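The chain contents come next:
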Amino acid sequence: MRDPLSSLFQTLIELTAVIVLLNTWRMDLLYDHLARARASGAVFARTVAAPPWGLRLGGSIQLAVHAVVRGRGWLWFDDDSQRPMELSPGDVTLVRGGPDHYIGHEPGADCLEPEEFRAHHGRDGRSNDPQATVFLCGAYRFSGDIGSGLLNALPQVLPLSAAVGDPLRDVIGLLSRELASPEPGQPTVLDRLLDILLVLAIRTSFRQSTTAPRWYRASADPRLNAALQAIHEDAGHLWSVPELAEISGLSRAAFARTFRDALGQTPMQYLTDWRMTLARDYLRNGELGLAKIANVIGFGSPYAFAAAFRRHHGDPPGAWRQRELTRTSSPVAGDRIHLH
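Draft legend 1. Examining the side chain of His-66 more closely. Counting through the fold element by element, His-66 comes out in strand S3 (residues 63-70). Side chain to side chain, His-66 and His-101 meet in a polar contact 2.9 Å long. In this structure His-66 touches Leu-57, Leu-75, Asp-91, Val-92, Thr-93, Val-95, His-101, Ile-103, Leu-136 and Cys-137, once residues within four positions along its chain are discounted.

Draft legend 2. Quick look at the confidence of the model for the protein chain. Summarising the model, the protein chain shows a mean pLDDT of 82, and 85% of its residues fall at 70 or more. Under a pLDDT of 50 for its full length, residues 15-27 has, in the predicted model, 25 contacts with residues more than four places off or in other chains. Of the regions scoring below 50 in pLDDT, residues 331-335 engages in nine contacts with residues more than four places distant in sequence or in other chains.

Draft legend 3. Here's a closer look at the pattern of salt bridges. Here the structure, examined in full by the defined rule, presents ten salt bridges. Close ionic contact of Arg-284 with Asp-145 constitutes a salt bridge, the shortest N to O distance being 3.0 Å. With Arg-284 in helix H11 (residues 267-285) and Asp-145 in helix H4 (residues 144-152), this residue pair connects regions lying 139 residues apart in the sequence. Exposure remark for Asp-145: the relative accessible area of 24% places this residue in the partly exposed category. Among the salt bridges present, the one from Asp-221 reaches Arg-223, with a minimum N-O distance of 2.8 Å. By relative accessible area, Asp-221 is classed as buried at 19%. Taking the relative accessible area as the measure of exposure, Arg-223 reaches 35% and is therefore partly exposed.

Draft legend 4. Structural context of empty space enclosed by the protein. Tallying each qualifying case throughout the model produces one cavity of 30 Å³ or more. Considering the residues around the largest cavity, the lining is formed by Trp-53, His-66, Ala-67, Val-68, Gly-73, Leu-87, Ile-103, Phe-135 and Leu-136. Residue assignment for the lining of the largest cavity shows that the elements contributing at least two residues are S3 and strand S8 (133-141). Residue contributions to the lining of the largest cavity peak at three residues, all from S3.

Draft legend 5. How the structure looks around the nonpolar core. If you look at the biggest cluster of nonpolar residues, it comprises 72 residues, and the most contacted ones within it are Phe-142, Phe-206, Trp-215, Phe-255, Ile-297 and Phe-305. No other element matches the twelve residues that helix H6 (residues 186-208) contributes to this core. In this structure, Leu-57, Leu-75, Phe-77 and Ala-139 belong to the second largest nonpolar core, which totals 17 residues.

Draft legend 6. Representation of the packing of aromatic side chains within the structure. Applying the stated rule across the entire model yields 13 aromatic pairs. Consider the rings of Phe-206 and Tyr-216, whose centres lie 5.3 Å apart with planes at 65°: the pair is edge-to-face. With Phe-206 in helix H6 and Tyr-216 in helix H7 (residues 214-218), this residue pair connects regions lying ten residues apart in the sequence. No difference in accessibility class separates Phe-206 from Tyr-216, as the two residues are buried.

Criteria and cut-off values
- Residues numbered from 1 in each chain as written.
- Predicted model: local features only at pLDDT ≥ 70, side-chain atom pairs only at ≥ 80, totals over all residues.
- Heavy atoms only, no water.
- Helix = DSSP H or I, 4+ residues; strand = E, 2+ residues; numbered from the N terminus.
- Polar contact = N/O pair within 3.5 Å; in protein donor to acceptor, adjacent residues only side chain to side chain.
- Contact = heavy atoms within 4.5 Å.
- pLDDT = per-residue confidence, 0-100.
- Salt bridge = Lys/Arg side-chain N within 4 Å of Asp/Glu carboxyl O.
- Buried < 20%, exposed > 50% of the residue type's maximum accessible area, 1.4 Å probe, protein only.
- 1 Å grid on protein atoms, 1.4 Å probe; cavity = no way out; pocket = protein on both sides within 12 Å on 5 of 7 lines; lining within 4 Å.
- Points joined across faces, edges and corners; volume = space filled by probe spheres on them.
- Core = buried A, V, L, I, M, F, W, Y, C linked by side-chain atoms within 4.5 Å.
- Phe/Tyr/Trp six-rings, centres within 6.5 Å; stacked < 30°, edge-to-face > 60°.

Below, the structure is given as structure tokens:
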């Protein structure tokens with residue numbers, strides 16, 4: 001019987017090694033977006049299911065994460081135009097919210113709701129059935145326009161294959177181990193592992209996709225990355241094109257041209273759009289008053305902020321916030337995966 005503290009210590013050592021692999025300058029803007037989107041794992045569970053088995057997952061789940069640890073599974077939609085996708089050990093599949101999706105031992109298998117599934121297969125983990133599939137299911141939540149922007153940049157279904165030596169495979173293995181039995185400090189370990197899994201998956205998607213956000217592709221250029229990082233770190237600063245050009249090590253004309261070619265807008269347009277994005281999220285969560293928001297995003301007074309917001313959105317901040325609160329007052333059910 002393994003010592004729980006020794007197991008936790010070893011897990012944290014392995015986790016630290018994975019974090020080191022991720023600690024590169026290219027991740028700065030992605031980290032900023034994820035932090036502001038308040039990405040969080042709603043539920044993550046390790047499940048054992050002996051065939052026949054099937055699980056229906058609602059489209060209100062903003063981002064579902066599936067990984068098979070042992071055996072095989074299939075993922076499909078009601079839409080016949082999307083072919084069923086096989087889930088193999090070592091792979092991770094992300095599914096963006098929208099239509100319901102299903103996972104099961106074979107395509108078209110009868111699928112249960114999460115609570116029914118848990119009741120029906122609760123004892124499968126103790127059966128030692130060699131045909132049983134061991135899989136991980138997770139649900140992520142994002143908030144605000146920044147979160148929506150990240151989600152919209154992902155395809156409906158994103159399969160990721162983790163080769164031997166890929167940190168993604170290590171994270172899946174660690175998740176499976178941690179979810180297999182309670183351990184001291186487990187919530188902290190799971191939170192960190194979920195963060196790493198999400199970052200690895202999104203980074204892989206953006207690297208492979210031709211539709212990755214322009215800010216991510218632009219961050220490959222160290223000159224533009226320096227300017228973008230400055231804007232994101234301090235949106236309230238009174239930035240000018242000459243100052244951003246100096247940070248980038250370019251002349252004003254060269255910086256403006258390079259920026260526009262990479263991001264499709266001028267530096268000041270990008271700055272304004274980013275400030276308005278932040279403003280919408282601040283207004284939506286209601287944590288800051290108008291004066292504080294104006295100061296944080298670089299406007300001299302609430303009146304200047306209100307005027308800029310109205311020009312950008314057609315409504316003053318107060319009316320926009322009230323409309324958003326009314327629109328989102330009814331909570332969406334079914335955004336969790338209950339498989340514990």
